[in-house]
Amino acid sequence: MKIEDIERVLGGFTLFRELDHFELTKIANISIAREWKKNSHVFLQGDPLENVYFIFDGKIKIYKSDISGKEQIVAIAKKGEMFPHVGFFRKGDYPAYAEVLEPSTLIAVPISKFEKVLIENPELCIKVFKVLGEKIVDLQNRLEEQILNNTYEQIIKLLIRLAQKHGMEQTDGTIQLKSEFTNRDLANMIGTTRETISRTLTKMKKEELIELDHEGNMILDISMLMQELNLL
């Protein structure tokens, strides 16, 4: 990918959208575009923290792993998103793994060089803080869900969140959530077991809170799920 192509791609990200050509060129000049194969890792937990990545195409799973090998999914990042958010203004190691879920094209921006660009562009710093703030609010909400809600409520809120971020709206207003997340993935997102997810989804299907199409994709009615939460 040429410098002008990198500049064009980065210009589509919310973080850089209001920068002028001169400012974007500065960032493009320090950036590297690279393709990643499915199931490879962009970085491992504990690797030296060197780059922030912007997803031009593909999907990345960000997850942590404890000493026993238990996995906790932090986020599923897709086209138009950046990761890791903790990369800015922080030294040390990557706090999680980044696994490629499907062939991806990423633009890597070296943190040390990017920080110099931020210093020279105060308005860009403000945007970075805004993005970080939104991520903090999201993590706070998820933490509150784990503290205040039972597992059934957590699963419903997880399905709503995934549908809003990864789903495709249908003509009747429902959301199609493709069968790309296994029960184990869903369990690892909220810290429960695969068996609990399986039992809960089976119960929700019997109660017609969710449906499956002929390809095994979930069909979700957000308003119905929200109503279920309000009744609990």
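Residues numbered from 1 in each chain as written. Predicted model: local features only at pLDDT ≥ 70, side-chain atom pairs only at ≥ 80, totals over all residues. Heavy atoms only, no water.

(A) Spotlight on the overall build of the chain. Broken down by element type, the chain carries 8 helices and 10 strands. Relative to a compact globule of 232 residues, whose C-alpha radius of gyration would be 17 Å, the chain shows 19 Å and is just as compact. Structurally, the chain occupies a C-alpha span of about 55 × 45 × 30 Å along its principal axes. In the chain, buried positions account for 46% of the 232 residues. Across the chain, the fraction of contacts at a sequence separation of at least 24, relative to all contacts at a separation of at least 6, is 70%. Total accessible area computed for the chain in this model is approximately 12900 Å², and 53% of it derives from carbon and sulfur atoms. (Helix = DSSP H or I, 4+ residues; strand = E, 2+ residues; numbered from the N terminus. Rg over C-alpha atoms; globule rule 2.2 N^0.38 Å. Buried < 20%, exposed > 50% of the residue type's maximum accessible area, 1.4 Å probe, protein only. Contact = heavy atoms within 4.5 Å. Areas by Shrake-Rupley, 256 points an atom, 1.4 Å probe, with all protein chains shown as cover.)

(B) Just the sheet that holds strand S8 (residues 175–177), in detail. Overall, antiparallel pairing links the 4 strands, which are arranged S7-S8-S10-S9 in an open sheet. Strands at the two margins of the open sheet, each flanked by one partner only, are strand S7 (168–169) and strand S9 (210–212). Of the strand pairs in this sheet, S9 and strand S10 (residues 218–220) are connected by 3 bridges, and their pairing is antiparallel. In the strand pairing of S10, Ile 210 is matched with Leu 220. Across the sheet, helix H5 (residues 151–166) touches S7, S8, S9 and S10, and the angle it forms with S8 is around 95°. (Pairing = 2+ DSSP bridges. Axes fitted to C-alpha atoms, helices over the stretch in contact; angles between N-to-C directions.)

(C) How the structure looks around helix H7 (residues 194–206). Over its 13 residues, H7 runs 18 Å from end to end, which matches the ideal 18 Å to within 8%, given 1.5 Å per residue. Listed in full, the buried residues belonging to H7 are Thr 196, Ile 197, Thr 200, Leu 201 and Met 204. For H7, the angular spread of buried residues about the axis comes to 125°, placing them on one side. Facing away from the buried side of H7 by more than 90 degrees, the exposed set consists of Arg 199 and Lys 206. (Expected span 1.5 Å × (residues − 1). Arc of directions from axis to C-beta.)

(D) Representation of unusual backbone geometry within the structure. Cis rather than trans, the peptide bond between Phe 83 and Pro 84 has omega equal to -10°. Looking at the secondary structure, you find Pro 84 in the loop between strand S5 (82–83) and strand S6 (97–110). Of note, Asn 39 is a non-glycine position whose phi angle comes to about 75°, a positive value. Residue classification places Asn 39 among the exposed positions, given a relative accessible area of 51%.

(E) Highlighting helix H1 (residues 3–11). Among the residues of H1, Ile 6, Glu 7, Val 9, Leu 10 and Gly 11 are the ones counted as buried. Contacts from the buried residues of H1 go to helix H2 (21–29), strand S1 (32–36), strand S3 (51–65) and S6.

(F) Up close: the pattern of salt bridges. Within this structure, the stated rule accounts for 8 salt bridges. For the salt bridge of Lys 59 with Glu 180, the shortest nitrogen-to-oxygen distance reads 2.5 Å. With Lys 59 in strand S3 and Glu 180 in the loop between S8 and helix H6 (183–190), this pair connects stretches of sequence that are 121 residues apart. A relative accessible area of 10% places Lys 59 in the buried class. (Salt bridge = Lys/Arg side-chain N within 4 Å of Asp/Glu carboxyl O.)

(G) Broad picture of the side chain of Ser 104. Relative to the assigned elements, Ser 104 resides in strand S6. Here the side chain of Ser 104 touches Glu 102 through a polar contact of 2.6 Å, landing on its backbone oxygen. Here Ser 104 is in contact with Arg 34, Glu 35, Trp 36, Asp 57, Gly 58, Lys 59 and Ile 60, once residues within four sequence places are set aside. (Polar contact = N/O pair within 3.5 Å; in protein donor to acceptor, adjacent residues only side chain to side chain.)

(H) Quick look at the packing of H6 against H7. Two numbers describe how H6 lies on H7: the axes approach to 8 Å, and their chain directions differ by 110°. With respect to H7, the axis of H6 lies roughly perpendicular. Across the interface between the two elements, Asn 183, Arg 184, Leu 186, Ala 187 and Ile 190 from H6 touch Arg 194, Ile 197, Ser 198 and Leu 201 from H7. (Parallel < 35°, antiparallel > 145°, perpendicular 65-115°, else oblique.)

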